[in-house]
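Residue strings, one per chain:
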Amino acid sequence: MGDRVDRRPMSVRVGLDGALRMFVCLVSTFITQRVRFYPIAVMSALSQVLQATNGSSVTHPYLSVVAGMSLAAKPLDVAVIAPSQSAAMASVAVVAAAPPAEHEYARWLVKDALRVVGGGLHPNGDWLKARENLFRAAAILQACGLHAEAAEAFQQSAAVGRVMGTHDEVLTTTAFAIENYRNAGDFQQTVSLLKEQYELHMQAGRSLSAARAARQIGELFEALGDASGNEDALYYYQLAQPLYDASKDCRGYSLQVRFKCACLRALTKRFKDSAETFELLAEQRQATSRTQCYFLSLLNLLCDTEGDRWAGGLARARKIFEQYQDKDKALQSGAEYSLLRGVLEACNAPSLAQLDAAHKRFSLLRPTDADLPFVDTMIATVRQNLFNYMKPYM
């Protein structure tokens with residue numbers, strides 16, 4: 001006879017008995033949202049438990065972790081993430097990396113859990129089991145690469161936790177749902193849940209977590225690359241900005257978000273506000289990026305120079321250019337100096353051809369500049385202002 005085939009679901013075959021559950025409960029006490037342990041220490045302790053319970057080793061090919069991390073080939077690269085800090089839920093933190101057939105088992109778990117919660121809004125032992133099964137099913141679906149189904153199951157698990165009043169649990173489970181909706185390409189659901197996360201973190205007084213959620217929403221809208229997306233992105237970046245500013249440990253994020261706000265204010269034609277923000281950044285940033293901020297600030301002033309403000313705007317731009325050069329010696333030469341000097345001379349001439357030549361020289365000097373598309377957009381605005389000024393004399 002051939003080897004006997006064990007057809008039980010993989011999540012059952014792993015054999016999470018009492019000792020392993022006790023181990024997971026112990027480490028879950030120290031876990032908050034998506035906090036990872038040092039892998040060698042965790043795997044050493046986990047190895048002892050597994051060997052004491054069923055003779056397994058840490059190199060078991062199906063051992064994995066919730067959050068869609070299939071670690072069969074990386075036995076030491078492990079993070080233990082619990083859906084809550086309670087002993088009842090901690091046992092679902094470690095699951096099996098599901099082979100393709102396991103998604104049917106996961107779907108059965110979802111169906112059975114929804115049958116339980118469909119009986120009424122009464123928190124009890126059955127609801128606890130339903131929440132646990134939804135989380136377990138979502139982990140298996142994620143391991144199978146079925147991100148849309150996994151996200152829905154995580155969201156349903158969070159909904160049960162919300163009824164039961166487990167606030168921290170809802171935040172953690174919703175974070176997994178967001179990750180899966182993002183991987184599935186569902187923009188609307190991702191944004192909707194991130195907005196919910198932002199509100200929940202604000203209510204709980206977790207300002208940095210709220211700032212992260214607002215920043216992630218801003219990044220999603222910014223990636224759309226259209227006028228409406230830019231407006232929405234700016235709104236959420238502005239929500240994140242003061243929250244990051246209030247933390248001494250998040251100066252990097254604070255500067256990053258402020259820079260994004262400055263760029264989006266320019267793209268949404270708030271040129272004066274953008275110029276002021278870039279000037280503020282120039283005063284705060286390191287020498288390596290100070291020149292860039294002064295450069296973009298002056299370009300915004302030129303974009304804001306049009307119509308009746310043309311003559312006065314040019315005079316002011318020339319004066320500020322000299323002030324910036326006194327503050328930053330790098331603006332006395334180089335690509336930025338060449339472009340700004342060329343644009344100012346072209347506007348003073350006035351000459352569209354002269355402005356185009358200055359723009360072309362800059363593009364040749366900085367062909368791989370990450371800000372080049374943004375600079376191109378601003379130069380196009382300055383060119384349109386110059387054209388409008390010259391039009392009556394043509």
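Residues numbered from 1 in each chain as written. Predicted model: local features only at pLDDT ≥ 70, side-chain atom pairs only at ≥ 80, totals over all residues. Heavy atoms only, no water.

Engineer: Help me out: how do you make sense of the overall build of the protein chain in this one?
Structural biologist: What the protein chain contains, in helices and strands, is 18 helices and 0 strands. Across the 394 residues that make up the protein chain, the buried fraction comes to 47%. In the protein chain, once contacts between residues fewer than 6 apart in sequence are set aside, the share between residues at least 24 apart is 62%. (Helix = DSSP H or I, 4+ residues; strand = E, 2+ residues; numbered from the N terminus. Buried < 20%, exposed > 50% of the residue type's maximum accessible area, 1.4 Å probe, protein only. Contact = heavy atoms within 4.5 Å.)

Engineer: Can you walk me through helix H16 (residues 334–348) in this structure?
Structural biologist: Each α-helix winds once per 3.6 residues, and so residues spaced three or four apart point in a common direction. Helix length check: H16, at 15 residues, gives a terminal C-alpha distance of 21 Å against a target of 21 Å (1.5 Å per residue), a fit within 8%. Listed in full, the buried residues belonging to H16 are Ala-335, Glu-336, Leu-339, Leu-340, Gly-342, Val-343, Leu-344, Ala-346 and Cys-347. (Expected span 1.5 Å × (residues − 1).)

Engineer: What should I look at first to understand the side chain of Ser-351 in this one?
Structural biologist: Secondary-structure assignment places Ser-351 in the loop between H16 and helix H17 (352–365). Judged by its relative accessible area of 19%, Ser-351 falls in the buried class. For Ser-351, the side chain forms a polar contact with the main-chain nitrogen of Gln-354, separated by 3.1 Å. Residues in contact with Ser-351, not counting those within four places in the same chain, are Ala-346, Leu-386 and Met-390. (Polar contact = N/O pair within 3.5 Å; in protein donor to acceptor, adjacent residues only side chain to side chain.)

Engineer: Sorry, what's going on with the environment of Met-202 here?
Structural biologist: If you trace the backbone, Met-202 turns up in helix H9 (residues 187–203). Aside from chain neighbours lying at most four places away, what touches Met-202 is Ala-210 and Leu-243.

Engineer: Is there a simple way to explain the packing of H16 against H17 in this structure?
Structural biologist: In a packed pair of helices, the relevant descriptors are the angle between the two axes and the axis-to-axis distance. Contact geometry for H16 and H17: axes closest at 8 Å, N-to-C directions at 170°. In terms of axis orientation, H16 runs roughly antiparallel to H17. Taking contact as the criterion, the partners of Ala-335, Glu-336, Ser-338, Leu-339, Gly-342, Val-343, Glu-345 and Ala-346 in H16 are, on H17, Gln-354, Leu-355, Ala-358, His-359, Arg-361, Phe-362 and Leu-365. Its residues assigned to classes, the contact of H16 with H17 comprises 8 nonpolar, 4 polar and 3 charged. (Axes fitted to C-alpha atoms, helices over the stretch in contact; angles between N-to-C directions. Parallel < 35°, antiparallel > 145°, perpendicular 65-115°, else oblique. Nonpolar A, V, L, I, M, F, W, Y, C, P; charged D, E, K, R; others polar.)

Engineer: What is the right way to look at the pattern of salt bridges in this model?
Structural biologist: Opposite charge on two side chains allows them to pair when their charged atoms are near. According to the stated counting rule, one finds 15 salt bridges in the structure shown. Linked by salt bridges that have partners in common, Glu-104, Arg-107 and Glu-149 make up one network. (Salt bridge = Lys/Arg side-chain N within 4 Å of Asp/Glu carboxyl O.)

Engineer: What is the right way to look at unusual backbone geometry in this model?
Structural biologist: Working note: non-glycine residues mostly have negative phi, and peptide bonds are mostly trans. Cis geometry is adopted by the peptide bond preceding Pro-350, which originates at Ala-349 and carries an omega value of -15°. With respect to the helices and strands, the residue Pro-350 is situated in the loop between H16 and H17. The phi dihedral of Lys-269 is positive, around 65°, even though this residue is not glycine. Take Lys-269: its relative accessible area is 60%, and that puts it in the exposed class.

Any functional reading would require information beyond the geometric quantities listed.
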